[in-house]
Amino acid sequence: MGEMFRPEAVRPRRMANYELLRILSMLMVITLHYLSHTGSLLEPGKAAQSRQVAGTLIESFCIVAVNVYVLISGYFLADAGFRMKRILVLAGQVLFYALAVPLVMLGMRSFRWESGWYTLVPYVFPLQAEHYWFATSYVLLSLFTPFLNTAVRHMSKRQMQIALAGLLFVFCGLKSVLPVYFVTDRFGYDFGWFLCVYLSAAYIRRHGVPLLNTAKKAWGCYVACSLLMFGVAGAAYLGHGKLGILSYYITVPFHYNYILCFLAAVALFVAFGYVKIPQGKRADTICRMSMFTFGVYLFHEHLDIRNEWAVWIEEFLGRTADAGLAGFLLNLAVSVAVVYLAGTFVDAVRLNVFRYIGRYLAKTRLAVWLRELDGAF
């Protein structure tokens, strides 16, 4: 997730349309978490109210967010050089949030300590313990980019098509059509699926997507796939209600490695390629705001915050379950905005801290060693 969000700007000229997509994707991620934490999704065996139907429809359009992140990363990193410094900064950012949040909560006397030193492992080793599953998977992917990029540069279009077809069949083909849970399927929450998406983005950069050669086609494909996901989930929900089966398949359309989710993400990514944002203040603002999106993720998905922030906001806005459809939509919009802005503020503070430390470390032997190491690539 580091280069995708570029917590420290690395390209002289960034493309504001894709920076805007980063921001939109983070808003989608917060939306997905809000829907999950407030019980605003269709669930097998539970009566469907307007809130759950609306929530599931919204999720159908937002579930592409994680795949979009990796697509953006693969699109730009496929032709970029490997930089160990970037990975170390990413790991440092993850460690910063993993440790800083409980320390601040401890100072506010709101941190709940559980006995046993083992409980410290997710804080001290957040990547190894999957404190943030996305960060763990992305760091693993980043470490493989020198091998992936070298392979991509030497593969023909036909070779890439065959390799991608095989990967997509293994990771999302069968599970998308069979209502059976496979033990090896982690629903796209792993490095293996990220590898598929990364290579798909590398293919798009080199060969494009001829079927989506206009903005109208790209946007239409995104909307169509999203509506189909909603339809499949709804049909599975109704089927379970009548037959008592398909409880597992209700969730499948919202797995990251579901075929329609993947296609919708590709379509949305391609659609934003047609978005034109002229250089100027608007583009500059978008690029500056996108620098903090990874921090927004690390902030609101921290182990001690992820299951609490929706409850905290409901204390001010009122319970979502009691709000009615209009109230639910208002609560959703306000909650997403509050979390995004709060995370942006916190990460702006974090960035200044890192810049100060970076100025000091730039004079050390470690910095010289890193420059020599990166120079090998």
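Small disclaimer: the values here were computed from a predicted structure and weren't measured.

**As for the overall build of the protein**
Helix and strand counts for the protein come out as 16 helices and zero strands. Taken along the three principal axes of its C-alpha coordinates, the protein extends 65 × 60 × 45 Å. Counting over 377 residues, the protein shows a buried share of 48%. Restricting to contacts in the protein with at least 6 residues of sequence separation, those with at least 24 account for 81%. On the protein, roughly 18700 Å² of surface is accessible, and the fraction owed to carbon and sulfur atoms is 67%. Put simply, the protein has 34 plus and 20 minus side-chain charges, and the middle of one group is 11 Å from the middle of the other.

**Some points on a nonpolar patch on the surface**
Among the surface-exposed residues, Phe345, Val349, Val353, Tyr356, Ile357, Tyr360 and Leu361 lie close enough to one another that they form a single nonpolar patch of about 720 Å² accessible area. Secondary-structure assignment places Tyr356 in helix 15 (residues 324-361).

**As for the pattern of salt bridges**
Evaluation of the coordinates by the stated rule reveals eight salt bridges. Where Lys46 meets Glu43, a salt bridge forms, and the shortest distance between an N and an O atom there is 3.2 Å. Across the salt bridge formed by Asp322 and Arg319, the nearest N and O atoms sit 2.7 Å from each other. Via salt bridges that share partners, Asp79, Arg205 and Arg206 belong to a single interconnected network.

**What about unusual backbone geometry?**
The residue Glu130 is not glycine, and still its phi comes out positive at about 55°. As for its position among the elements, Glu130 is in the loop between helix 6 (121-124) and helix 7 (133-153). Non-glycine residue Phe187 carries a positive phi angle of around 65°. By secondary structure assignment, the location of Phe187 is in the loop between helix 8 (157-177) and helix 9 (191-207).

**Thoughts on the packing of helix 2 (residues 16-37) against helix 13 (residues 293-300)**
Between helix 2 and helix 13, whose axes approach to 9 Å, the crossing angle comes to 15°. Comparing the axis directions of helix 2 and helix 13 gives the class roughly parallel. When you trace helix 2 past helix 13, the crossing you get is left-handed. The segment helix 2 lies against helix 13, with Arg22, Ile23, Met26, Val29, Ile30 and His33 engaging Thr293, Val296, Tyr297 and His300. Across the contact of helix 2 with helix 13, the residue classes break down as six nonpolar, three polar and one charged.

**Quick word on the packing of aromatic side chains**
Per the counting criterion, the structure on display carries 27 aromatic pairs. Here Tyr189 and Tyr256 contribute two aromatic rings whose centre-to-centre distance is 4.8 Å and whose plane-to-plane angle is 45°, an arrangement assigned as tilted. Residue Tyr189 is found in the loop between helix 8 and helix 9, and its partner Tyr256 is found in the loop between helix 10 (215-243) and helix 11 (259-273); the two are separated by 67 residues along the sequence. Taking relative accessible area as the criterion, Tyr189 reaches 29% and is therefore assigned partly exposed. One cation-aromatic arrangement involves Arg205 over Tyr75; the distance from NZ or CZ to the ring centre is 4.8 Å. Over the aromatic face of Phe354 sits the side chain of Arg350, whose NZ or CZ is 4.6 Å from the ring centroid.

**What to know about the state of the cysteines**
Tallying each qualifying case throughout the model produces zero disulfides. In this structure Cys172 is not part of a disulfide, and its nearest cysteine sulfur, from Cys196, lies 7.4 Å away. Cys172 gets classed as buried once you look at its relative accessible area, which sits at 1%. Its sulfur unpaired, Cys261 is 9.6 Å from the next cysteine sulfur, which belongs to Cys225. Since its relative accessible area comes to 0%, Cys261 is described here as buried.

**A word on the environment of Ala54**
On the secondary structure map, Ala54 appears in helix 3 (residues 50-62). Along the sequence, Ala54 and Leu41 sit 13 residues apart, while their C-alpha atoms lie 8.0 Å from each other.

**Quick word on the side chain of Thr344**
Inspection of the secondary structure puts Thr344 in helix 15. Judged by its relative accessible area of 9%, Thr344 is buried. Once you skip the residues sitting within four places of it in the chain, Thr344 turns out to touch Met289, Phe292 and Val296.

**Describing the nonpolar core**
The biggest cluster of nonpolar side chains holds 107 residues, and the ones touching the most others in it are Val64, Phe134, Trp193 and Phe269. In terms of residue count, helix 11 provides more of this core than any other element does, 12 residues in total. When near neighbours in sequence (up to four residues on either side) are disregarded, Val64 contacts Met28, Tyr222, Cys261, Ala264, Ala265 and Leu268.

**Regarding the environment of Glu19**
Looking at the secondary structure, you find Glu19 in helix 2. With 276 residues separating them along the chain, Glu19 and Gly295 place their C-alpha atoms 15 Å apart.

Calculation criteria
- Numbers given for residues are sequential positions, taken from 1 along each chain in its written order.
- Selection of residues for local features in this predicted model requires a pLDDT of at least 70, selection of side-chain atom pairs for listing and counting requires 80 or more, and totals for whole chains, interfaces and linings are taken over all residues.
- To get the side-chain values, take all heavy atoms of the structure and skip hydrogens and water.
- The way it works is that DSSP assigns letters per residue, a run of H or I at least four long becomes a helix, a run of E at least two long becomes a strand, and they are numbered from the N terminus.
- Summary of the burial criterion: residues with accessible area below 20% of their type's maximum are buried, those above 50% are exposed, and those between are partly exposed, where the area comes from a 1.4 Å probe applied to protein chains only.
- In this analysis, two residues are considered to be in contact whenever any of their non-hydrogen atoms come within 4.5 Å of each other.
- All accessible areas in this document rest on Shrake-Rupley with a 1.4 Å probe, and a residue is counted as covered only by the protein chains that are shown.
- Note that His is not counted, nor are the chain ends; the positive residues are Lys and Arg, and the negative ones are Asp and Glu.
- Charged groups are reduced to one reference atom each: NZ for lysine, CZ for arginine, CG for aspartic acid, CD for glutamic acid.
- Like-charged residues are merged into a patch within 9 Å and nonpolar side chains (Val, Leu, Ile, Met, Phe, Trp, Tyr) within 5 Å, provided each residue has over 30% relative accessible area and no salt bridge.
- We define a salt bridge as a side-chain nitrogen of Lys or Arg found within 4 Å of a carboxyl oxygen belonging to Asp or Glu.
- Each axis is a line fitted through C-alpha atoms, and for a helix only the stretch in contact is used; angles between axes span 0 to 180 degrees, taken between their N-to-C directions.
- When describing relative orientation, an angle under 35 degrees is termed roughly parallel and one over 145 degrees roughly antiparallel, while 65 to 115 degrees is termed roughly perpendicular and anything else oblique.
- The handedness criterion is simple: a crossing whose near helix is rotated anticlockwise from the far helix by less than a right angle is left-handed, and one whose near helix is rotated clockwise is right-handed.
- For this classification, Asp, Glu, Lys and Arg are treated as charged, while Ala, Val, Leu, Ile, Met, Phe, Trp, Tyr, Cys and Pro are nonpolar and the rest, including Gly, are polar.
- Geometry of aromatic contacts follows a simple scheme: Phe, Tyr and Trp rings, the Trp one being its six-membered ring, pair when their centres are within 6.5 Å, and the pair is stacked under 30 degrees between planes, edge-to-face over 60, tilted otherwise.
- Counted as over-ring charges are cases with an Arg CZ or a Lys NZ within 6 Å of the ring centre that also lie within 35 degrees of the ring normal.
- We call a pair of cysteine sulfur atoms a disulfide when they lie within 2.5 Å.
- The set of buried Ala, Val, Leu, Ile, Met, Phe, Trp, Tyr and Cys residues whose side-chain atoms join them within 4.5 Å is what this entry labels a nonpolar core.

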